[in-house]
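# Architecture at a glance
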Amino acid sequence: MKTPMKTTLSILALAISATTAVNATTLTRDNGAPVGDNQNAYTAGPHGGVLLQDVHLIQKLQRFARERIPERVVHARGTGVHGEFVATRDISDLTKAAVFKKDMKTPVFVRFSTVIHSKGSPETLRDPRGFATKFYTSEGNWDLVGNNLPVFFIRDAIKFPDMVHSLKPSPVSNQQDPNRFFDFFSHVPESTHMLTWVYSDYGTPANLRQMDGWGVHSYKMVDAEGDVTYVKFHWKSRQGIKNLSAKDAAEIQARDFSHATRDMYAAVASGDYPKWDLYIKTLKPSQLADFDYNPLDATKMWLGIKETMVGTMTLNRMPDNFFQETEQAAFSPANIIPGIEPSEDRLLQGRVFSYADTQLYRLGANHQQLPVNRARVAVNNWNQDGAGNHGHQKSEVNYQPSRIDARREDGRGRYSEKAVTGHTQQKAIEKKQPFVQAGVLYRSFGKKERANLIRNLAGDLGKVRDSKTMHIMLSYFYQADADFGKRLTKAVKGNLKQVKNLVK
Ligand code: HEM
């Protein structure tokens, strides 16, 4: 008797689904039930008030009121693109990372961004551009969170919140103010190199395709024997590099404040997929002492070290949904894989903490479960619960070690070893060399690039009311290159004698 009864029930269920089931075109509430009327609220007759019982209306308003999440505290304005990275060279002598096995193909998601202004700000503004890449590797996600410029303003994470506060709009007037950020930078001579980059036309790239990407920091590659090599990463655009003059940028901004996003969507839609080749520079630990600067200082490039190409990235698919993918993407220098580790760079060490921390606040405890952030391999640990958890843990064991449900460590994931000696301390690095590479950069520019740099920089420095701040800044550029300093001093009507007196 049991079987016929079951059959009758399933026939009944089928009949229900054929006649009444909600299907893909049915408008529903969040509980999946159909919406009866999406045009008229439920009222007490033609002249009465709206009924609290209109659960659809209430839910619609509640969800609307909760659409915004905190924007990123920096890099709020961005554009994401999916693609693929193909490793082209055997570098197993440097790293055991599977992503770098020759011919290995790895899906990626890249988010390009501006840094300082808010989510709706123009993409023409002078700023570094973020260039963050998430590699969904066969050993977990690796994020290379870089910029379009090769160095950074500061070398110690302890200065980052102050620097960003000075660059963000004023807490009083809500306007960015060169008086504030040059006040800060006049105390930070190591910013001279990055400021020279940012105030050149590299600070206003023409679009996102025609710019390079840089890892900026030195990282460590670790091979199967545990041997460490220091490495810097550089994405070289196959589209070449194109920057805007301040005049071009102003003209574009007058008619389009999303020109870079628009350009990327158009290129990918037309099948003109942008590509970047990934290059590395390497140093053995014993070579770190060979320079008159500290190679782990993020304000320095490794000039004169040869680059080797290790792979190519192609971006070929725009996200289906901006919020779900681009906005909820969470990149972090803490997302590392066996064979790639942070170096002792003091700026990077702070970042290794900061990103996951802000994302726990911005997106919640389970943000790594979101499709755009989820590793493509099984995530196997006993971190549990928390808001928005939609995992599927069935085991009674939620601890390790266990004989009942064993999850084993894998030696490949052990961190590399390093001998350390000395005292705990709070001291600036030795071999600071704040100006030399800014001078090298200035002299590498042609006539027009130098003229644009001076004009761009004078435009902001000339607004600084405090003469001491202005002259300290001028003395930094003068120490980078005397011609640079003299031309800038003339452009802002400064006093060259005062500038020279400030040279230590
Ligand atoms: C100690 C120094 C730094 C700190 C504390 C810091 C902190 C942050 C924070 C909190 C975010 C927002 C992350 C989010 O909400 O998802 C962010 C975004 C970002 N940062 Fe940094 N940052 C630092 C330096 C740098 C440097 C040196 C670079 C480039 C090499 C960089 C590149 C980026 C990029 C590209 C993003 C945007 C990632 C995305 O597209 O979602 N940052 N940073």
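Small disclaimer: the values here were computed from a predicted structure and weren't measured.

## Topic: the overall build of the chain
What the chain contains, in helices and strands, is 14 helices and 10 strands. If one aligns the C-alpha atoms of the chain with their principal axes, the spans along those axes are about 100 × 70 × 45 Å. Classification of the 504 residues of the chain by burial places 46% in the buried group. A separation threshold of at least 6 residues defines the contact pool for the chain, and within that pool the share at least 24 residues apart is 73%. Counting only carbon and sulfur atoms, one obtains 53% of the accessible surface of the chain, whose full area is about 27,100 Å².

## Re the coordination of the iron atom of the ligand
From the protein, the iron atom of the ligand takes a single donor atom, Y355 (OH), 1.8 Å away. Among the secondary structure elements, Y355 is positioned in helix α9 (residues 346-362).

## Notes on a nonpolar patch on the surface
Together, L303, V436 and V440 line one region of the surface with nonpolar side chains, adding up to about 210 Å² of accessible area. Assessed through its relative accessible area of 43%, V436 is described here as partly exposed.

## A look at the site of the ligand
The environment of the ligand is made up of 24 residues, and the closest members are R72, R111, Y355, Q359 and R362. The separation between an oxygen atom of the ligand and a polar side-chain atom of Q359 is 2.9 Å. Note that an oxygen atom of the ligand is positioned 2.8 Å from one of the side-chain N or O atoms of R362. Take the shell around the ligand: its biggest share by element is 7 residues, from α9. Here the shell around the ligand is composed, by residue class, of 11 nonpolar, 9 polar and 4 charged.

## Some remarks on the confidence of the model for the chain
Put simply, the chain has an average pLDDT of 96, and 96% of its residues get 70 or more. Long-range and interchain partners of residues 1-9, a stretch whose pLDDT sits below 50, account for 0 contacts in this model, where long-range means more than four residues apart. Scored below 50 in pLDDT, residues 11-16 makes 1 contact in the model with residues more than four places away or belonging to other chains.

## Quick look at the pairing of strand β7 (residues 228-237)
Buried residues dominate β7, accounting for 9 of its 10 residues. Sheet analysis places strand β5 (residues 213-214) next to β7, joined by 2 bridges and oriented antiparallel. Residue pairing for β7: G213 is matched across the bridge by W235. Where strand β6 (residues 219-222) and β7 come together, 4 bridges link them in antiparallel fashion. Across the sheet, Y219 pairs through a bridge with V231, a residue of β7. Where β6 folds back onto β7 in an antiparallel hairpin, the turn is made up of 5 residues, including G226, whose phi is positive at roughly 90°. As paired elements, β7 and strand β8 (residues 275-283) share 8 bridges and run antiparallel to each other. Residue S237 lies in a different strand from β8, and its bridge partner there is W276.

## Topic: the domain arrangement of the chain
Accessible area lost on assembly of the parts is the figure often given for the size of an interface. According to the domain assignment, the chain consists of domain 1 (78-151 + 207-378) and domain 2 (436-501). Summarising the inter-unit geometry, the C-alpha centres of domain 1 and domain 2 are found 31 Å apart. Opposite the 8 residues of domain 1 that make contact, domain 2 presents 4 residues. Interface of domain 1 and domain 2: buried area, both sides summed, is about 420 Å²; carbon and sulfur atoms make up 49% of it.

## A look at the side chain of R129
By the secondary structure assignment, R129 is in strand β3 (residues 129-137). Here R129 is buried and forms no salt bridge, its nearest opposite-charge partner D127 lying at an N-O distance of 5.3 Å. Of note is the side chain of R129, whose polar atom sits 2.7 Å from the backbone oxygen of D127. Other than its neighbours up to four places away in sequence, R129 contacts S113, T114, E123, T124, G146, N147, N148, G203, T204, P205 and M211.

## Digging into helix α7 (residues 259-269)
When we look at burial in α7, the residues that qualify are H259, A260, T261, M264, A267 and V268. Looking at the buried positions of α7, the neighbouring elements they touch are β1 (78-87), β2 (105-114), α6 (246-255), β8 and β9 (308-317).

## Regarding the environment of A480
Tracing the sequence through the fold places A480 in helix α12 (residues 467-480). Between the C-alpha atom of A480 and that of L441, which follows or precedes it by 39 residues, the distance is 9.1 Å. In contact with A480, not counting residues within four places along its chain, are T192, F435, A438, G439 and R443.

## Re the pattern of salt bridges
Counted according to the given criterion, the structure contains 21 salt bridges. A salt bridge links E139 to R412; the shortest N-O distance between them is 1.7 Å. Highlighted residues: E139 in the loop between β3 and β4 (140-147) and R412 in the loop between α9 and α10 (436-444), separated in sequence by 273 residues. By relative accessible area, which is 32% here, R412 ends up partly exposed. For R155, the salt bridge identified is with D297, shortest N-O distance 3.0 Å. Residue R155 is located in the loop between β4 and α3 (160-167), and its partner D297 is located in the loop between β8 and β9; the two are separated by 142 residues in the primary sequence. When its relative accessible area of 10% is taken as the criterion, R155 is described as buried. Each member of the salt-bridge network shares a partner with another, and the members are R155, E190, D297 and K300.

## Things to note about the pairing of β1
Most of β1 is tucked away: 8 of the 10 residues are buried. With 9 bridges joining them, β1 and β2 adopt antiparallel strand pairing. Residue pairing in the sheet places E84 in a bridge with P107 of β2. When β1 meets β9, the two strands line up antiparallel, connected through 6 bridges. Paired with V86 across the bridge in β9 is T312.

Reading the values: the criteria
Within every chain, residues take consecutive numbers counted from 1 along the sequence as written. Under the rules for a predicted model, residues below a pLDDT of 70 receive no local features and side-chain atom pairs below 80 are neither given nor counted, while totals for whole chains, interfaces and linings still include all residues. The basis for the side-chain values is all heavy atoms of the structure; hydrogens and waters are excluded. Helix and strand definitions here come from DSSP, where helices need a minimum of 4 consecutive H or I residues and strands a minimum of 2 consecutive E residues; each element is numbered from the N-terminal end. Three labels apply to residues, based on accessible area from a 1.4 Å probe with only protein chains included: buried if under 20% of the type maximum, exposed if over 50%, partly exposed otherwise in between. Two residues qualify as a contact provided that any one of their heavy atoms is within 4.5 Å of a heavy atom in the partner residue. Accessible areas in this description were obtained via Shrake-Rupley with a 1.4 Å probe; residue shielding takes into account the shown protein chains only. Here the term donor refers to an N, O or S atom within 2.8 Å of the metal (or 3.2 Å for Na, K and Ca), and because water is left out of the atoms, sites may appear incomplete. Each patch groups residues whose relative accessible area exceeds 30% and which form no salt bridge, using 9 Å between like charges and 5 Å between nonpolar side chains of Val, Leu, Ile, Met, Phe, Trp and Tyr. Whenever Lys or Arg places a side-chain nitrogen within 4 Å of a carboxyl oxygen from Asp or Glu, that contact is recorded as a salt bridge. When we say a residue is near a molecule or strand, we mean one of its heavy atoms is within 4 Å of it. Pairs of N or O atoms are called polar contacts if they sit within 3.5 Å, as long as, within protein, a hydrogen donor faces a hydrogen acceptor (for residues adjacent in sequence, only side-chain-to-side-chain pairs). Gly counts as polar in this scheme, as do all residues outside two lists: the nonpolar Ala, Val, Leu, Ile, Met, Phe, Trp, Tyr, Cys and Pro, and the charged Asp, Glu, Lys and Arg. Each residue carries a pLDDT score, the predictor's confidence in it, ranging from 0 to 100. For two strands to count as paired, DSSP must find a minimum of two bridges between them. Where each domain starts and ends comes from a domain assignment, either automatic or drawn from a database. Once two parts are brought into contact, the accessible area they lose, counted with a 1.4 Å probe and summed over both, makes up the buried area. His is not counted, nor are the chain ends, whereas Lys and Arg count as positive and Asp and Glu as negative.

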